[in-house]
Amino acid sequence: MRIRGFGLPDGESIDLYADGDRWTSDPVPGADVVAEGWILPGLVDAHTHPGAAAPGAPLDDEILRDDLRAHLRSGVAVIRSPGLAGDPPDWFGHSDDSPRASHAGPWIAQHDQFFDGWGRRPGLDDLPAVAAEQASRTGWAKVVADWKFGDPVIPLEVLREAVTRVHAAGGRLAVHSQHPEGGRVAVEAGVDSLEHGMGLDPELLSRMAVQGTALTPTLSVISRSLAEGGRADWYVAGASAHPALTAAAVEAGVTVLAGTDSRPHGRIGDEIRAMVTAGVPVHDALGAASWTARTYLGLGGLNDGAPADAVVYGADPRHDLSVLDEPLAVIVRGRLIHLGQR
Ligand SMILES: [Zn+2]
C-alpha cells in the first residue's frame, strides 16, 4: 500500500510505501494508493485502560477487543495502558484487532486506596520490588501515589526507591496523582510520567521539563467530570485549574501526552480538542497524540524505516480539528484498518 499527501509535523509533501511494517520511499511494485490527504504519524493514546466494563470489573476478552477496535477506528495506532484489570491475552498489541500496545499490568496502590477489585496492594516495604518486577516483565509499572482527599500519599523515599529499582530493571514508572502533595512527591522522586497531575503546583513544571518527567493530563475526562457536577471541593479546585496547568506544561517544555483514560474508547480527538481549548497550540496538541508521544515511546514517524502507522485526513487538522473524527484511512503495521460503521 501507498499513501500520498502532506505529512505532519512539517507539512511536507510525502509519498510513502508500506513494506511490511516499515515505511519506505522506494516504490514497492503493485502498491496502490489507499488514501491521499493530510497525514499524521499513527496516533497514540498514552493513557487508556481497555477491557473492563467498569472500574473494578475483571478483564474481558470481548470487551477488550471492542475497545481496541474503537481505538483503531479513531486513528490510534499505539496505546499505553498505565494499569490493566489483569494480564492481557497474547494477542494484545499484536493482532489485527489491536493497536501496538505497552502496558503496566495491574495498578500498584496502597491498602484502602484505589478501586476495589483492581490492582495490587503491597506494603510500602515491598512496593519498589513489586514495581520493578512488573516493569521487568512489561516495560512499565504504574503506582497510585494518592487517592481520596486526606488519604496518605506514598512517601517520597518509597517512590524514589521504586524509580531506582524500576530503572535498574530497564523499565519506566508511571504515577497517578490528583492532589498537590502526590504530584510533588512524584516530581521530586523523578518518575517517568505523571498521570493526571491534577492540582500540581505549576512551579514544578520547569523541573519536570529538565528531568524528563512527562505529563499525561487526561484533560477531557477531568473536564467532563467537572461539568457533570456534584464533585467535592478539592476536585473542583484541581479540575478547574487543570486546563491552565496543561497549557503551562507545554509552555514550560514538559513532554505532554494525550490520554483518554475512561470509557468510551476511541476519543483521542476529544483530548486533542480539549488541549487546544485549554490554550495549547494546535501543533503541540496534535503532537501530544502523535509524533511527540511516538518519540517518547521510541517509535518513529513518517520516515524511511519507521513503523508503518499513519492516519490520513481529508483536510489539514491544524485548521479544522473536526476532521479528527473522520479519518479517510488508518494504517497500522502496514495494514489498512477497516473503518466500518461509525
Ligand atoms: Zn487511568
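Conventions and cut-offs
Residues numbered from 1 in each chain as written. Predicted model: local features only at pLDDT ≥ 70, side-chain atom pairs only at ≥ 80, totals over all residues. Heavy atoms only, no water. Pairing = 2+ DSSP bridges. Helix = DSSP H or I, 4+ residues; strand = E, 2+ residues; numbered from the N terminus. Axes fitted to C-alpha atoms, helices over the stretch in contact; angles between N-to-C directions. Domains from an automatic or database assignment. Contact = heavy atoms within 4.5 Å. Buried area = accessible area lost by both parts, 1.4 Å probe. Phe/Tyr/Trp six-rings, centres within 6.5 Å; stacked < 30°, edge-to-face > 60°. Buried < 20%, exposed > 50% of the residue type's maximum accessible area, 1.4 Å probe, protein only. Lys NZ or Arg CZ within 6 Å of the ring centre and 35° of its normal.

Right, let's get into the pairing of strand 4 (residues 33-41). When strand 1 (residues 2-7) meets strand 4, the two strands line up parallel, connected through six bridges. Residue pairing across strands places Gly 7 opposite Ile 39, the latter belonging to strand 4.

What follows concerns the sheet that holds strand 6 (residues 76-81). With parallel pairing, three strands are arranged side by side in an open sheet as 5-6-7. Single-partner strands in this sheet number two, and they are strand 5 (43-45) and strand 7 (100-103). Going from strand to strand, the sheet's axes swing by 15° on average, the running direction of each strand aside. The pairing of strand 5 with strand 6 spans three bridges and is classified as parallel. Residue pairing for strand 6: Asp 45 is matched across the bridge by Ile 79.

A few words on the sheet that holds strand 13 (residues 329-332). Pairing is mixed in the open sheet, where seven strands are placed in the order 3-2-1-4-12-13-14. Of all strands in the sheet, those bounded by a partner on one side alone are strand 3 (22-24) and strand 14 (335-336). Sheet topology places strand 4 next to strand 12 (residues 310-313); four bridges connect them, and they run antiparallel. Paired with Leu 40 across the two strands is Val 311, which belongs to strand 12.

Moving on, we come to the domain arrangement of the chain. Considered domain by domain, the chain is made up of domain 1 (1-42 + 301-342) and domain 2 (43-298). If you average the C-alpha positions of domain 1 and of domain 2, the two centres end up 27 Å apart. Each partner contributes to the interface: domain 1 provides 28 residues, whereas domain 2 provides 27 residues. When domain 1 packs against domain 2, close to 2100 Å² is buried across both sides, 58% of that on carbon and sulfur atoms.

What follows covers the packing of aromatic side chains. Scanning the entire structure with this criterion turns up 10 aromatic pairs. Seen in terms of ring centroids, Phe 115 and Trp 118 are 5.8 Å apart; in terms of plane orientation they differ by 85°. Their pairing is edge-to-face. For Phe 115, a relative accessible area of 32% translates into the label partly exposed. A ring pair is formed by Trp 234 and Tyr 235, whose centres lie 5.6 Å apart and whose planes are at 70°; its orientation type is edge-to-face. In this structure Trp 234 comes out as partly exposed when scored by relative accessible area, which is 24%. Chaining the aromatic ring pairs together yields one cluster made of Trp 107, Phe 114, Phe 115, Trp 118 and Trp 147. Across the ring face of Trp 140, the terminal group of Arg 80 is positioned such that the distance to the ring centre comes to 4.8 Å. Sitting over the face of the ring of Tyr 296, Arg 172 holds its NZ or CZ atom 4.6 Å from the ring centroid.

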